[in-house]
Amino acid sequence: MTGVSRRGLVGGGVAAAGLAAGAYAAGRSTAADGAPHPDARVEYAFRGAHQAGITTPAQDRLHFAAFDVTTDSRDELIALLTAWTAAADRMTRGLPAGEIGPTQGSINLPPDDTGEAIGLDAGGLTITFGFGPTLFRDDDGKDRFGLADRQPKALRTLPHFPADVLDPDKSYGDLCVQACADDPQVAVHAIRNLARIGFGTVAVRWSQLGFGRTSTTSTAQSTPRNLFGFKDGTANIKSQEKKDVEKHVWVAPGADAQADWLAGGSYLVARRINMHIEIWDRQSLGDQEDFIGRTKDTGAPLSGGTEFTEPDFDMPGSTGPVIAEDAHVRLVHPDFNNGARMLRRGYNFVDGSNPLGGLDAGLFFIAYVTDPDTHFIPIQNTMAKHDAMMEYLKVTGSALFAVPPGIGPGEYVGQSLFA
Amino acid sequence: MRKPLLVAALLVTTPFFAACTENAKDDGGKSADGRSVSVTSTDDECKVSTAKVPAGTVTFNVTNDGSQVTEFYLLGDDGLRIVAEVENVGPQLSRQLVVNAPAGTYFTACKPGMKGDGIRADFTVTKSGDEPTVSADDQQLVDTALANYSAYVQDQSDQLVAKTQEFVKLYKAGDDDAARTLYPEARTHWERIETVAESFGDLDPKTDAREADLEPGEKWTGWHRIEKDLWPELAKNYTPLTPQQRATYADDLMKNITTLDTRVQGLDYTVDQIANGSRGLLEEVASGKVTGEEEYWSHTDLWDFQANVDGARVGFEGLKPIVEQTNPALAKTLTTRFADLQKLLDAQKTATGFTFYDDLTPDEVQDLANAVNALSEPLSQLTAAVLS
């Protein structure tokens, strides 16, 4: 079984989900012991109406990088995006980043692919690009690349939220690249090669590794658990919910007069949320469940049923509603946030331990929304002020990017912005 | 932690001997000993799998097959005394209730919708070799613990009012050196009862918010606002408060402290709330004090640290006679670990109080953090111990 035809996948993750499952099944059928066939590849097309890596079924691994642009030249910036497009297109097909490859070139030259992915297939790799507010205007408001009049209204530095203790070395950035794959080596390989291609034009500002997807973007996936041990993102948007994806994820044409280039794109909110793991682990099971508003076992809301039963926020309990007023599930629910929903594709992270011996760990939150002003900022403020779970969280990184729409053949990523 | 004492005044005292509840799990073969009872609560029925069990540790697996939240009770022979209870079982959910039950006659009761007397049935616990030992003094121990804790909180609150009064007077008068000296001392009384003080969701942010806790445009008041004004060295381009502004913030703090004091007078506690409060105070140490984040401007974190530990220890010591009966090993561990932590704090005591946080070496901070972890882990068992 070779890879699924990428042409068949244009259009993004919805089609891909079915095809990927098909590829997997086909692989299995040829494996004598019933184990997944080692050649059962998953590939997602790089080009399409929307960028891949948003509604694509969430892969298990992440390497996310934010870059600062170091050049003043618009042409160099465009050249970089063109080069990145070519490399990303190749790598998502399981090919080397460069045309020559890791071992085929001149003995006297460094290879144009770093080589750690030799022998690995595409691994379900998706590469998603975004533009930060500082690409349009610098801190003094100066237009950097003649793009200022096209800066989306909602694209600006996120406000300070209560419990934000931001590390500037883990926040912000002019550009972002999200690489998701089923194999961590594939994701790291992608960022490493893109960074290499970019040196001289961009510099890595920060990057984040993630494992254990903490959200589900497809109904075919089971809900994973975050590092608090709870199912996470049960009620978030799945790619199959097409109407909600249109309404809450993609920027509609005409939504922002000065940034029509963003139509078909989205906004990416990245938040590095440290969890006070050790302190959380000392909370009683009952308290943990009350903070979240769901059972730890099945993820059912405390108002009963199973994981996907809609919570009943009015159901009385012994002291107030059975789902507490400060329960996480209540405060972030669309019913209390003007119907706003998010498409999330966050990941757990553990960056070793901190100087006090605690895990430097938490959730690298990524949400794709149609407008952060309606779909993130008010919800985050509510959560920061009232959510019982906040006691165990500290946000150490934050960034907002505008994610351009997908591209057709011959185009480079973000071309609509520079057109 | 979740403001556990908020509802203190509203709750009936949880009876000692009562219960610990958890998610229903597989019986793991327990049913073989005849002490595992399955209970199915519907909107109009309460099916209990057996009406008779031998004395010892009895496990009720309560499943709610009804359409509203239910509760399950084991009541004494008078039909009034609650021996054990499990609350807030949502539809289609299950909870486990573990009871250490001596021989006697009881009632079981499901309460669908949490209304009325519940659907009751007779329940008998027969004599067995596993009879739990019951001391006649148990209720006495509980009553003493509750009374002592209540008195402690009131006493700390009184001192908080007095010291804050003195502090705001010095601050308003511009006697900054004296105000700086008094600041951590006054806060000691706040920090000793912090889990009680925090339970008032309206007062806590006005009184104890740090600058990072605010959202843009939100007004910052309270202890830490004044702290920044008294220790502005770290602040960039800081404009000192005018005497009028000082008076405004000082009077506001005093007003809120006075309100807190009034509210504290009416509070009653339960043993599990005291235990949770002890755990919560150590949590405060771990999340804010041992990291030096609480007193960002003044670096007087160790005063707060000590005060949190004081409050936690007083809570534990009040409960200790109970824990010594239910879990003597835990009582011993906690006693030792409190002493170990105190030893480290004693080493940082100075003539005027404590070492400032920014003068601690990384090794000293690490040792303190390790001792906090060592104490906090067993302390998280305290609530279950006083309820078992």
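Conventions we followed
- Residues numbered from 1 in each chain as written.
- Chains lettered and ligands numbered in written order.
- Predicted model: local features only at pLDDT ≥ 70, side-chain atom pairs only at ≥ 80, totals over all residues.
- Heavy atoms only, no water.
- Helix = DSSP H or I, 4+ residues; strand = E, 2+ residues; numbered from the N terminus.
- Buried < 20%, exposed > 50% of the residue type's maximum accessible area, 1.4 Å probe, protein only.
- Contact = heavy atoms within 4.5 Å.
- Areas by Shrake-Rupley, 256 points an atom, 1.4 Å probe, with all protein chains shown as cover.
- Rg over C-alpha atoms; globule rule 2.2 N^0.38 Å.
- Lys, Arg positive; Asp, Glu negative; His and termini not counted.
- Charge placed at Lys NZ, Arg CZ, Asp CG, Glu CD.
- Phe/Tyr/Trp six-rings, centres within 6.5 Å; stacked < 30°, edge-to-face > 60°.
- Lys NZ or Arg CZ within 6 Å of the ring centre and 35° of its normal.
- Disulfide = S-S within 2.5 Å.
- Domains from an automatic or database assignment.
- Axes fitted to C-alpha atoms, helices over the stretch in contact; angles between N-to-C directions.
- Left-handed = near helix turned anticlockwise from the far one by under 90°.
- Nonpolar A, V, L, I, M, F, W, Y, C, P; charged D, E, K, R; others polar.

**Thoughts on the overall build of chain B**
From N to C terminus, chain B includes 11 helices and 12 strands. With the C-alpha coordinates aligned to their principal axes, the bounding extent of chain B is approximately 75 × 40 × 35 Å. Across the 388 residues in chain B, those meeting the buried criterion constitute 52%. Considering only contacts in chain B between residues 6 or more positions apart, those separated by 24 or more positions represent 72%. Here chain B displays about 16300 Å² of accessible surface, and carbon together with sulfur accounts for 51% of that area.

**Examining the overall build of chain A**
Summing up its helical and strand segments, chain A has 10 helices and 11 strands in all. Relative to the globule expectation of 22 Å for 419 residues, the C-alpha radius of gyration of chain A, 21 Å, shows essentially globular dimensions. Seen along its three principal axes, the alpha-carbon backbone of chain A occupies a region of about 75 × 65 × 45 Å. Residue burial in chain A is summarised as follows: out of 419 residues, 57% are buried. Charge centroids of chain A, computed over 37 positive and 51 negative side chains, lie 3 Å from each other.

**Quick look at the environment of B:Asn148**
Mapped onto the secondary structure, B:Asn148 falls in helix H1 (residues 138-172). Along the backbone, B:Asn148 and B:Lys255 are 107 residues apart, and their C-alpha atoms lie at a distance of 27 Å.

**Thoughts on helix H9 (residues 377-386) of chain A**
For H9(A), the complete set of buried residues consists of A:Ile377, A:Ile379, A:Gln380, A:Asn381, A:Met383 and A:Ala384. For H9(A), the secondary structure elements touched by its buried residues are strand S5 (266-275), helix H7 (328-331), helix H8 (372-375) and strand S11 (393-403) of chain A.

**Re the packing of aromatic side chains**
Geometry of an aromatic ring pair is reported as the spacing of the ring centres plus the angle between the planes. Inspection of every chain in the model, using the stated rule, returns 32 aromatic pairs over all chains. Both rings, one in A:Phe161 and one in A:Phe376, keep their centres 5.8 Å apart while their planes meet at 90°; by these two values the pair is edge-to-face. Taken together, the residues A:Phe161 in the loop between strand S2 (126-131) and strand S3 (175-181) and A:Phe376 in the loop between H8 and H9 connect sequence positions 215 residues apart. Judged by its relative accessible area of 2%, A:Phe376 falls in the buried class. Measuring from centroid to centroid gives 5.8 Å for B:Phe167 and B:Trp223, while their planes differ by 35°, and the two rings are tilted. Taken together, the positions of B:Phe167 in helix H1 and B:Trp223 in helix H5 (residues 223-230) put the pair 56 residues apart, joining distant regions of the chain. Look at B:Phe167 and you get buried, because its relative accessible area is 0%. An aromatic cluster is defined as three or more aromatic residues linked by ring pairs; in this entry it consists of A:Phe131, A:Phe136, A:Trp261, A:Tyr412 and A:Phe418. Between B:Arg225 and the ring centre of B:Tyr249, over which it is positioned, the NZ or CZ distance is 5.4 Å.

**Here we look at the state of the cysteines**
Simply put, the disulfide is a covalent bond whose two ends are the sulfur atoms of two cysteines. Residues and elements named next belong to chain A. All chains considered together, the criterion is met by one disulfide over all chains. The thiol of Cys176 is unpaired, and the distance to the nearest cysteine sulfur, on Cys180, comes to 11 Å. A residue is classified by how much of its surface remains accessible, and Cys176, at 1% relative accessible area, is buried.

**Focus: unusual backbone geometry**
Phi is positive for A:Asn338, close to 50°, though the residue is something other than glycine. In this fold, A:Asn338 is placed in the loop between H7 and strand S8 (343-344). One non-glycine residue with positive phi stands out, namely B:Met114, at about 60°. Its location among the elements puts B:Met114 in the loop between strand S9 (104-110) and strand S10 (119-126). The exposure class of B:Met114 is buried, given its relative accessible area of 17%.

**Side note on the domain arrangement of chain B**
According to the domain assignment, chain B consists of domain 1 (1-17 + 136-388) and domain 2 (31-133). Placing the centre of domain 1 of chain B and that of domain 2 of chain B at their C-alpha centroids yields a distance of 39 Å.

**Notes on the packing of helix H2 (residues 176-192) of chain B against helix H8 (residues 301-326) of chain B**
Packed helices, taken two at a time, are described by their axes: the angle between them and the distance between them. Residue and element names in this part refer to chain B. In the contact formed by H2 and H8, the axes pass within 8 Å of each other and the chain directions differ by 30°. By crossing handedness, the relation of H2 to H8 is classed as right-handed. Of H8, the residues touching H2 (which contributes Pro184, Arg187, Thr188, Glu191 and Arg192) are Trp303, Asp304, Ala307, Asn308, Asp310 and Gly311. Here the residues of the contact of H2 with H8 sort into three nonpolar, three polar and five charged.

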